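Listed below, chain by chain, are the residues.
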Amino acid sequence: MRRKTQNFKSEILFIGIGNEYRTDDRVGLIVAQKLRETRIPNTETAELMRNGTSLIDRWKDARTVFLFDAVFSGVEPGTVHRFDAITQAIPINFFRYSTHTFSIAEMIELARTLNQLPPRLIVYGIEGKSFKMGTKLSSEVNRAVGKVVESVLAEFH
Amino acid sequence: MLTNFAKRVKFMNPDSRTRTIKVDYLARVEGEGGMVVKIKNNTVKDVKLKIFEPPRFFEALLRGRSFEEAPDITARICGICPIAYQMSAVHAMEDACGISVGGQLRALRRLIYCGEWMESHGLHVYMLHAPDFLGYDSAIHMARDYPEIVQRGLQLKKVGNELITLLGGREVHPINVRIGGFYKLPTKQELNLISERLKWAREAAIETVRWTATLPFPEFEQDYEFVAMRHPEEYPFNDGRLVSNKGLDIPINEYDNHFVEEHVPYSTALHSVLKERSSYYVGPLARYNINFVKLSPLTQEVTRDVGLEPDCRNPFKSIIVRSVEILYACDEALRIIDEYEMPDTPAVEMEPRAATGYGCSEAPRGMLYHRYRINRNGEILDAKIVPPTSQNQKIIEKDLIQFVTAHLELPLDELTWQCEQVIRNYDPCISCSTHFLRLEINKE
């Protein structure tokens, strides 16, 4: 595994991705905010408006990265998907709601090719219901926020 | 290598005389649209660049807003080139107010524009365009065989983003640009910190020019009318006259006398044409042809070293020209930083007056024109915005006609692939209004 002996700036990095003005698309940002509020030691939080090529650079100094984003795969809104990106490829069309060019799945695969994945990368996708203009989450997705936070916290115990 | 391409292409009725190739979406462009090429009896009958994204009505929503809001509202038109929109907007509003911004504030505007060219061109050269020449379906596939090259592209783009973040406040839709200058100025120390990164980027850009010049290029050129800004002393970013290689030479405020936007039924984006002569070409290749002698000595030297002629007319070679412009942007950024002295005030204050203002700047993809009419309270009464991709639509169609005509012998899958490349030569930012491009060739 890459950089096993490397000193990392942060042990755990939470990255929320989304557009805060596109209803359920902001769920990744909200999960990251909630996790920041838990004040878990040795963690850092980042909120990104877009997932472009800077994503690889953002996670390079962390040992464990949790990434949160809305997805639209056609299942029940509020469904929580979890992927271990180190051991499995992310379905390429899964995180397809990107404004420009590269989806999260593509960036993860590019990083894998370039040997730039962090030692541990867990991706949470929350199935969205609405991506229209607005700042209010749908009730289904709002309920999923708590589930994701609990699930992440459980990974530490 | 072409696995994903094959998935996007559907062959129908392969044994009959009528064949249709349909590509569900064209990858590696910014935006949504479609393309249909019709071939009958070995003749190209029709080419249409179809942009089907609903119009976004930015010009209408600007009406009634304050003149000071134009840079931030129009920056939202594009996530890749927001600086271009901000620059054209501030110049137009300053023109309306009768104020000219000079000195270090003007230099900082060039500096932030350098950042935008670096990040936008860096993305296109390495991630969107290079895979075409090397036969890969995407940069991800290319990275398997060329990891160091893709890494270099990512890092170059990142330095551009860092420059935009430093001057613009953030890399996405920067918020520090205002009419008259900036809200907050960078210190000399902050700029010096980024110069080390820029020096690395300049070396990487030289390598980029050398590398792109080695790519295989098809023989292809047309008698284009290139249109770009021209300034007596500078390679153009946000100042100069509008000039073409076929005699156009006008101040920005005469734009509407010479250019007109036409509606075509198959596109929600207007087609811009020169009234006198129809289609024209904007973008890096146009800038380069009109302004080669204004490139920095280093940039000219490297360009000559790799054998790129100053009057290049092959749009496939735009990948070299974009690389040349990345190099120029690095070199120019370092020059500006070296000469920087922090001004006393971040912006020139100005009062609105009832007037029409004209602004033009060179977005990464070409000339971007703004015109606003405001009243004495600074309320916007009327706005007109002409982005580069709208101007290049007709020339893209003409390229496709000529390219397909010259390559009818190619198998349809290969022809389709190369048609996509013809489109990507222009780095179309259809996402200024769209998100996908559907390509279809009908051959009878």
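These numbers come from a predicted model, not from an experiment. (Residues numbered from 1 in each chain as written. Chains lettered and ligands numbered in written order. Predicted model: local features only at pLDDT ≥ 70, side-chain atom pairs only at ≥ 80, totals over all residues.)

### Comments concerning the interface of chain B and chain A
Part 1 of the reasoning: In this assembly, 16 residues from chain B lie in contact with 14 residues from chain A.
Part 2 of the reasoning: Only α6 (139–145) and α7 (147–168) of chain B provide two or more residues apiece to the side of chain B that touches chain A.
Part 3 of the reasoning: Among the elements that make up the side of chain B that touches chain A, the one with the highest residue count is α7(B) (7 residues).
Part 4 of the reasoning: For the side of chain B that touches chain A, the per-class residue count stands at 8 nonpolar, 4 polar and 4 charged. (Contact = placed C-beta atoms within 7 Å. Helix = DSSP H or I, 4+ residues; strand = E, 2+ residues; numbered from the N terminus. Nonpolar A, V, L, I, M, F, W, Y, C, P; charged D, E, K, R; others polar.)

### Examining the sheet that holds strand β8 (residues 241–244) of chain B
All names here are of chain B.
Part 1 of the reasoning: Strand order in this open sheet of 3 strands is β7-β8-β9, and the pairing throughout is antiparallel. Looking at the sheet topology across the chains shown, the edges are occupied by β7 (227–230) and β9 (249–250).
Part 2 of the reasoning: Where β7 meets β8, 4 bridges bridge the pair, whose relative direction is antiparallel. Each bridged residue has a counterpart across the sheet, and for Val227 the counterpart in β8 is Ser244.
Part 3 of the reasoning: Each of β7 and β8 touches helix α10 (residues 284–291); the most contacted strand, β7, lies at about 50° to it. (Pairing = 2+ DSSP bridges. Axes fitted to C-alpha atoms, helices over the stretch in contact; angles between N-to-C directions.)

### What about the confidence of the model for chain B?
Residue and element names in this part refer to chain B.
Part 1 of the reasoning: In the predicted model, chain B carries a mean pLDDT of 88, and the fraction of residues at 70 or more is 87%.
Part 2 of the reasoning: Long-range and interchain partners of residues 1–27, a stretch whose pLDDT sits below 50, account for 48 contacts in this model, where long-range means more than four residues apart.
Part 3 of the reasoning: Contacts of residues 432–438 to residues separated by more than four positions or lying in other chains number 35 contacts, the stretch itself having pLDDT below 50.
Part 4 of the reasoning: What the predictor reports for the complex is a pTM of 0.88 with an ipTM of 0.78. (pLDDT = per-residue confidence, 0-100.)

### Things to note about helix α5 (residues 103–134) of chain B
Residue and element names in this part refer to chain B.
Part 1 of the reasoning: End to end, α5 covers 44 Å across 32 residues, agreeing with the expected 46 Å (1.5 Å per residue, within 8%).
Part 2 of the reasoning: When the local axis directions of α5 are compared, the greatest deviation, roughly 35°, occurs at Val125.
Part 3 of the reasoning: Most of α5 sits out of view: 25 of its 32 residues are buried.
Part 4 of the reasoning: A positive phi of about 80° marks Gly135, the residue just after α5. (Expected span 1.5 Å × (residues − 1). Bend = angle between axes of the 7 residues up to and from the residue. Buried ≥ 20, exposed ≤ 12 C-beta atoms within 10 Å, placed from the backbone.)

### Re the sheet that holds strand β13 (residues 366–374) of chain B
Residue and element names in this part refer to chain B.
Part 1 of the reasoning: Strand order in this open sheet of 3 strands is β12-β13-β14, and the pairing throughout is antiparallel. Only two strands of the sheet have a single neighbouring strand rather than two, namely β12 (355–363) and β14 (380–386). With direction set aside, neighbouring strand axes in the sheet form an average angle of 15°.
Part 2 of the reasoning: In the packing of helix α13 (residues 388–406) onto the sheet, the strands contacted are β12, β13 and β14, and the crossing angle to β13 comes to about 130°.

### A closer look at the nonpolar core
Part 1 of the reasoning: In this structure, A:Leu67, B:Met93, B:Met118, B:Leu163 and B:Cys330 are the most contacted members of the largest nonpolar core, which totals 158 residues.
Part 2 of the reasoning: For this core, the element with the highest residue contribution is α5(B), accounting for 13 residues.
Part 3 of the reasoning: Contacts of B:Cys330, omitting those with residues within four sequence positions, involve B:Met118, B:Leu198, B:Ala201, B:Arg202 and B:Ala205. (Core = buried A, V, L, I, M, F, W, Y, C linked by C-beta atoms within 7 Å.)

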